[in-house]
Amino acid sequence: MSRFARFATQARFQPYTGAAGGWGALRSVTQAWLGSDNALKNLRALLKTNQHGGFDCPGCAWGDSPDKHMVSFCENGAKAVNWEATKRRVDAAFFARYSVRQLSEQSDYWLEYQGRLTEPMRYDEASDHYVPISWDDAFTLIARELNALAHPDQLELYTSGRASNEAAFLYGLFGRALGTNNFPDCSNMCHEASGVALNQSIGVGKGTVTFDDFEHAEAIFVLGQNPGTNHPRMLEPLREAVQRGAQVVCFNPLKERGLERFQHPQKPLEMLSNGDAPTHSAYFRPKLGGDMAALRGMAKFLLQWEREAQRDGGEPVFDHAFIDAHTDGLDAYLAAVDATPWAQIEAQSGLAQEEIERASLTYRRADRTIICWAMGITQHRHSVATIHEIVNLLLLRGNIGKPGAGACPVRGHSNVQGDRTMGINERPPASLLDALERRFDIRVPRAHGHNTVEAINAMLTGAVRVFIGLGGNFAQATPDTPRTHQALRNCSLTVQISTKLNRSHLVTGRQALILPCLGRTDIDLQAGGPQAVTVEDTFSMVHASHGQLRPISPLMRSEPAIVAGIAQAALGSHPVDWSWLVQDYSRIRELIADTIPGFANFNARLQQRGGFYLGSAAARHKWNTASGRAGFRPNSLPEHLLPAEVRSQGEPDLILQTLRSHDQYNTSLYGLDDRYRGVKGMREVVFVNPEDIRRLGLEAGQKVDLVSLWDDGIERRVRGFTLLPYDTPPGQAAAYYPETNPLVPLASVGDGSHTPTSKFVAVRVEASTMEARRLA
Ligand SMILES: Nc1nc2c(c(=O)[nH]1)N[C@H]1C(S)=C(S)[C@@H](COP(=O)(O)OP(=O)(O)OC[C@H]3O[C@@H](n4cnc5c(=O)[nH]c(N)nc54)[C@H](O)[C@@H]3O)O[C@H]1N2
Ligand SMILES: Nc1nc2c(c(=O)[nH]1)N[C@H]1C(S)=C(S)[C@@H](COP(=O)(O)OP(=O)(O)OC[C@H]3O[C@@H](n4cnc5c(=O)[nH]c(N)nc54)[C@H](O)[C@@H]3O)O[C@H]1N2
Ligand SMILES: [Mo]
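Residues numbered from 1 in each chain as written. Chains lettered and ligands numbered in written order. Predicted model: local features only at pLDDT ≥ 70, side-chain atom pairs only at ≥ 80, totals over all residues. Heavy atoms only, no water.

**Considerations on the overall build of the protein**
Moving on, step 1. Along the backbone of the protein there are 32 helices and 32 strands.
Moving on, step 2. Taking 28 Å as the expected radius of gyration for a compact globule of 776 residues, we find that the protein reaches 25 Å, a close match to that expectation.
Moving on, step 3. The dimensions of the protein, computed from C-alpha atoms along their principal axes, are 80 × 65 × 60 Å.
Moving on, step 4. Counting across all 776 residues of the protein, residues that qualify as buried make up 65%.
Moving on, step 5. Sequence separation of at least 24 residues holds for 79% of the intrachain contacts in the protein that already meet a minimum separation of 6.
Moving on, step 6. Only carbon and sulfur atoms are counted for the fraction: they give 49% of the accessible area of the protein, which is about 27400 Å².
Moving on, step 7. Between the mean site of the 80 positive side-chain charges and the mean site of the 84 negative ones, the protein shows a separation of 4 Å. (Helix = DSSP H or I, 4+ residues; strand = E, 2+ residues; numbered from the N terminus. Rg over C-alpha atoms; globule rule 2.2 N^0.38 Å. Buried < 20%, exposed > 50% of the residue type's maximum accessible area, 1.4 Å probe, protein only. Contact = heavy atoms within 4.5 Å. Areas by Shrake-Rupley, 256 points an atom, 1.4 Å probe, with all protein chains shown as cover. Lys, Arg positive; Asp, Glu negative; His and termini not counted. Charge placed at Lys NZ, Arg CZ, Asp CG, Glu CD.)

**Some words on the sheet that holds strand β32 (residues 761-767)**
Moving on, step 1. Spatially, the six strands close up into a barrel ordered β24-β31-β28-β30-β29-β32, and their pairing is mixed. Between one strand and the next, the sheet's axes are offset by a mean angle of 45°, whatever the strand orientation.
Moving on, step 2. Across four bridges, the pairing between strand β28 (residues 685-688) and strand β30 (residues 716-725) is parallel. Residue F687 lies in a different strand from β30, and its bridge partner there is L724. (Pairing = 2+ DSSP bridges. Axes fitted to C-alpha atoms, helices over the stretch in contact; angles between N-to-C directions.)

**Structural notes on the environment of G752**
Moving on, step 1. Looking at where G752 falls in the secondary structure, it is placed in the loop between β31 (732-736) and β32.
Moving on, step 2. Among the residues examined, G752 registers a relative accessible area of 48% and is labelled partly exposed.
Moving on, step 3. Here the alpha-carbon distance between G752 and R381, two residues 371 residues apart in the chain, equals 8.9 Å.
Moving on, step 4. Filtering out sequence-adjacent residues up to four positions away, G752 remains in contact with V196, V384 and R427.

**Remarks on the site of ligand 1**
Moving on, step 1. Close to ligand 1 lie 31 residues; N252, E256, D291, Q664 and N666 are nearest.
Moving on, step 2. Separating an oxygen atom of ligand 1 from a backbone N or O atom of G376 is a distance of 3.2 Å.
Moving on, step 3. Measuring from an oxygen atom of ligand 1, one finds a side-chain N or O atom of R660 at 2.9 Å.
Moving on, step 4. Against a free-state accessible area of 920 Å², the protein chains account for coverage of 99% of ligand 1.
Moving on, step 5. Looking at the shell around ligand 1, the elements with two or more residues in it are α12 (227-230), α20 (375-378), β24 (654-659) and β25 (664-665).
Moving on, step 6. Here the shell around ligand 1 is composed, by residue class, of 11 nonpolar, 16 polar and four charged. (Near = heavy atom within 4 Å. Polar contact = N/O pair within 3.5 Å; in protein donor to acceptor, adjacent residues only side chain to side chain. Nonpolar A, V, L, I, M, F, W, Y, C, P; charged D, E, K, R; others polar.)

**Regarding the site of ligand 2**
Moving on, step 1. Among the 31 residues in the neighbourhood of ligand 2, the closest are listed as E112, Y158, S160, E559 and T667.
Moving on, step 2. One of the side-chain N or O atoms of E112 is found 2.4 Å from an oxygen atom in ligand 2.
Moving on, step 3. Coverage of ligand 2 by the protein amounts to 96% of the 920 Å² it exposes when considered alone.
Moving on, step 4. Of the residues that constitute the shell around ligand 2, the class distribution is 10 nonpolar, 15 polar and six charged.
Moving on, step 5. Counting the residues that make up the shell around ligand 2, at least three belong to each of domain 2 (92-188 + 415-599) and domain 4 (644-767). (Domains from an automatic or database assignment.)

**Side note on the nonpolar core**
Moving on, step 1. Membership of the largest hydrophobic core comes to 63 residues, with the highest contact counts inside it found for F169, F174 and L515.
Moving on, step 2. Here the element with the most residues in this core is helix α9 (residues 165-178); it accounts for eight residues.
Moving on, step 3. Of all hydrophobic cores here, the second largest spans 57 residues; its members include L198, A294, I345 and W373. (Core = buried A, V, L, I, M, F, W, Y, C linked by side-chain atoms within 4.5 Å.)

**Quick look at the domain arrangement of the protein**
Moving on, step 1. Domain parsing of the protein yields domain 1 (18-84), domain 2 (92-188 + 415-599), domain 3 (192-410) and domain 4 (644-767).
Moving on, step 2. Taking only C-alpha atoms, the centre of domain 1 and the centre of domain 2 are 27 Å apart.
Moving on, step 3. With 19 residues of domain 1 at the interface, the matching set in domain 2 holds 23 residues.
Moving on, step 4. Carbon and sulfur atoms supply 58% of the area that domain 1 and domain 2 bury against each other, a total of about 1800 Å² over both sides.
Moving on, step 5. Together, D56, W83 and E84 form the three largest contributors to the area buried by domain 1 at its contact with domain 2, with a combined 39%.
Moving on, step 6. Where domain 1 meets domain 2, there are one salt bridge.
Moving on, step 7. A salt bridge links D56 to R520, with the shortest nitrogen-to-oxygen separation between them at 2.9 Å. (Buried area = accessible area lost by both parts, 1.4 Å probe. Salt bridge = Lys/Arg side-chain N within 4 Å of Asp/Glu carboxyl O.)

**Looking at the UniProt feature "domain: Molybdopterin dinucleotide-binding" (unreviewed entry) in the protein**
Moving on, step 1. Here the UniProt-annotated "domain: Molybdopterin dinucleotide-binding" (unreviewed entry) positions come out as residues 654-739.
Moving on, step 2. With 7% helix and 43% strand, residues 654-739 has its two end C-alpha atoms placed 17 Å apart. (UniProt positions renumbered as here; feature names shortened; annotations may be inferred.)

**Here's the deal with the UniProt feature "domain: Molybdopterin oxidoreductase" (unreviewed entry) in the protein**
Moving on, step 1. In this structure's numbering, the residues bearing the UniProt feature "domain: Molybdopterin oxidoreductase" (unreviewed entry) are residues 116-497.
Moving on, step 2. Counted over residues 116-497, helix gives 47% and strand 14%. Its end C-alpha atoms are 12 Å apart.

**Focus on a nonpolar patch on the surface**
Moving on, step 1. On the surface, a nonpolar cluster with roughly 300 Å² of combined accessible area is contributed by W23, L26 and L272.
Moving on, step 2. Take L26: its relative accessible area is 31%, and that puts it in the partly exposed class. (Patch = residues over 30% accessible without salt bridge, like charges linked within 9 Å, V, L, I, M, F, W, Y side chains within 5 Å.)

**A look at the pattern of salt bridges**
Moving on, step 1. Enumeration according to the criterion identifies 43 salt bridges in this entry.
Moving on, step 2. A salt bridge links R695 to D692; the shortest N-O distance between them is 2.9 Å. Pair noted here: R695 and D692 are both in helix α32 (residues 690-695), with a separation of three residues, about one helical turn.
Moving on, step 3. Accessibility expressed as a relative area gives 48% for R695, which makes it partly exposed.
Moving on, step 4. Here the salt bridges do not stand alone but share partners, grouping D705, E715, R717, R719, R764 and E766 into one network.

**Focus: unusual backbone geometry**
Moving on, step 1. The amide bond that connects H574 to the next residue, P575, takes the cis arrangement and shows omega of -10°.
Moving on, step 2. Counting through the fold element by element, P575 comes out in the loop between α27 (559-571) and α28 (578-582).
Moving on, step 3. Here the residue pair Y737 and P738 is connected by a cis peptide bond, since its omega of 5° sits within 30 degrees of zero.
Moving on, step 4. Structurally, P738 is set in the loop between β31 and β32.
Moving on, step 5. A positive phi angle, close to 55°, is found at D480, a residue other than glycine.
Moving on, step 6. Position of D480 among the secondary structure elements: in the loop between α25 (474-477) and α26 (481-489).
Moving on, step 7. On the accessibility criterion, D480 (0% relative accessible area) is buried.
Moving on, step 8. Residues other than glycine seldom take positive phi values, yet N601 does so here, at roughly 55°.

In C-alpha cells, the structure reads:
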C-alpha cells in the first residue's frame, strides 16, 4: 500500500496526553525525513535550515537570535522542507495521463502529494488537458493578454508570503510600470488588521520586539495563537520564560497542547529523562471574538487600581512619564473604559470578572511585557479595534520601546512581512510611489488597488480579466469557495507561478498557465552564478537565503526570473532591463537600496552573520502618526458580536472558527492527522463541546452538515462532517481550513481590514444521512 493510501484509511480520535514536541515530534521529523524520497539530500538540507549560508526555512516567519549557532529547525519546518524537496514529479507525462476534470475529482491532499511541477504547461480547452509550452511562448501569451486589456486595472497580481524580497520587488515594479496597484496578497487574509491597527496607533505596521526581548520579558501574553503547531520554535522561549519565573499568560478558547507543556526534541538529555516543562503560567479561555472585551476588562482593573493608588499615595499603575512624553488620547480612552459595563465584558468575553482580574494583576506586576497574537485575533469583524486595545494596554504601562516589552504580531508565511516592505500593497504609501517615480523616471498609478476580497468581487463581475498568482493557492485559501471559483473561471487568463500542484491550477480562466518555480531549498543558478535571495522575519531581521539542493528539473525557473520574463515580454526594457537584472540579484538589491527605506548598503549589510535589523521607529519612540505621538484609541466594544446579517437569520447553533491542523501548511496538507488534538486520518470533522452535542440532539461520531447563516439568500453548506466531542467553551466550535472555507461569506470581513472573518462563522448544524463514524 502506498504511503498515500495508508494515510487515507486509518481514522481515529483519541485524546493526546503527552507534551508538545518530545518523542512525537522527533518521530515525526524522522518519519518525514525517512519517508521522503530524497532522504540523504534532505538531511543535508535540514542541517542548513536557518543557518548562516544556508536557506531560510520555508515554514513560518518566526526568527532567531543572530548570535546563535545551533541547528535550528522544528518538526513542522522539517515537514515543510521535505514537502518541497521531493523527487516526485508532476511533469508533461503526468498531465497527459490525467485530464483537468479527473484531477479536479482528487482531494487537495492528493494533488500536492503528486510532487513538484517541473515544466511550464498551458491549459488546452479542447482536450481538457494541460500541455507543454515553452517559457518564451508562455511569456508571449501573457503579454498578448495584458496588452489587450482596456485598462491595467483589469489585472490582479496576487502574492503569497513565500516570495523573496527580490521577486516581490520586481513584481511590484512590474505592476506599477504597467499601471495598476491591484496587489491582493495572503496578508489580506492574515495579519492585515495588525498592520492597519499598529499603523494607526504607533505609526508602523509591524511588531516592535526582537527575538532577544523574549529573554528580558517579565510577562508574555499569547493571544489567539497556536505556536505548538504553527510556530514551534516559539515554544522554547516561552518555556524558558516560565522556567526563569516570568509569567506566560495564554488566551485561547482551546487548550492547545503546545501552550501547556513542551519537551525539546533537539535536547537529548531532556528527551531521555522524559522531562518536559510548562509553557504557560495562566490559561484563560475566552469565547471566539471575546478578546477585546477581556482586554477592556483588564484596562478597567488597571484604571481602578491607578485611581486607588492616587487616592492612597501608592505606587502608580500607569507609566505617567511615558504617557506624557509619548502619547495622546488618554482621557478619551479612559472615558471609554469607564463607559464599558462589566456585564457586557463578561458576556462578550465569556470570562468571569475574577479571571480578568488575575490576568490584570499579572500585567500590573510585570515591568516588561510582550503581547503576542496571531489569527485568533486578526480574523474577526472587530480585529482592528481589538489590536488597538492591545496597544492601549501596552501604552498604559510604557511597554513599547524598552527591552523585554512590546507588541508582537507573530507573522505567518516566512516572508509575508518582507513582501509588504517591498511594496506588495494594494494601498501603497505615497512615499513608495514617489521613490519609484524618481528612481525609474516613470509615472505610477496613485489610485488604490484591490485587496483579496475586492479582487474576487471584481473577477465575479467581469471587471477583471487576468489573474496572476505569485505562489499560494488562491482558489482554496480564500473565503466563499464556490464564488471564488466562479471568479477565477470568469477570467480570460489565469497564471499560477507555483512549486506544487493545487486546486488553483484546476479552477482556471478560459486560458491558463502553470509556471513551475524554484523553492527556498533549490539552488538558484543564474548567468552570474548561484544566487541568494533575501527575506524578513517577524522581528524585522533581514537575511540571505541560499538554496542547497539541485533542482529536479532544468525547466524550472526562479521567481525573479519568471517575473522578469513576464515583464520583459509585456513592457520590453521599460523601465529597466529585466533580463539583465536577474543575471545577478545584487543588481535588484541595488534598486531596493535606492527605493525602500532602511535598505541603504543592502548588499554590503547582507554579509553580516544573521543578517541585519531593519529597526522599528516605534521601538525608538519615533511615532510616525499624524500627531507625532502614539495614540490611545477609544473604541467601544461591538454592540453585538453577531453581525446584523446573521441576526436576521435566527439564533445560530454554534460559532465556528476555522483553524490549522498539525499536519498542514495552510492549504498544503502533509497528512490527515492532528496529533495534539488526538485526530488521526480525518479532516472533515467539527470539534464541539459535548453539552452542545446533547443540546442539539446529536451524538458524538455522527455526521452532520454545517450551514452558514448570512442574509443574502445564498446557501453555504459543507456536508458529512464528523462530530467530535471536544473541550471547547459551550457554543464555540472549530473545524479545519480550507475544508470549511465554503462557509465564510465573502461579505463577512473585518472593519478596516477587509480580512475574511475566518474565526467567527455562525452556523446551523443539520444531521446528515451519511453513516456515523465509530470513535476509538
Ligand atoms: N506548520 C504550520 N505552520 C504555520 C502555518 C501552517 O499552516 N502550518 N501557517 C502559517 C501562517 S500563514 C500563519 S498566519 C500562522 C497561523 O498561526 P495561528 O494563528 O496559530 O493559526 P490557527 O491555526 O489559525 O490558530 C489560531 C489559534 O487561535 C485560537 N483562536 C481562534 N479564535 C480565537 C479568538 O477569538 N480568541 C482567542 N484568544 N483565540 C482564538 C485557536 O483556538 C487557535 O489556537 O502560522 C504560520 N505557520
Ligand atoms: N478559513 C480560513 N481561511 C484562511 C485562513 C484561516 O485561518 N481560515 N488563513 C488565511 C491565511 S493566514 C493565509 S496566509 C492564507 C494563505 O494563502 P496562500 O498563501 O495563498 O496559500 P498557501 O496554502 O500557503 O499556498 C500553497 C501553495 O503555494 C505554492 N508554493 C509553495 N511554496 C512556494 C514558493 O516558494 N514559491 C511559489 N511561487 N509558490 C509556492 C504551492 O504551489 C502550494 O500549493 O490563507 C488564508 N485563508
Ligand atoms: Mo497567514
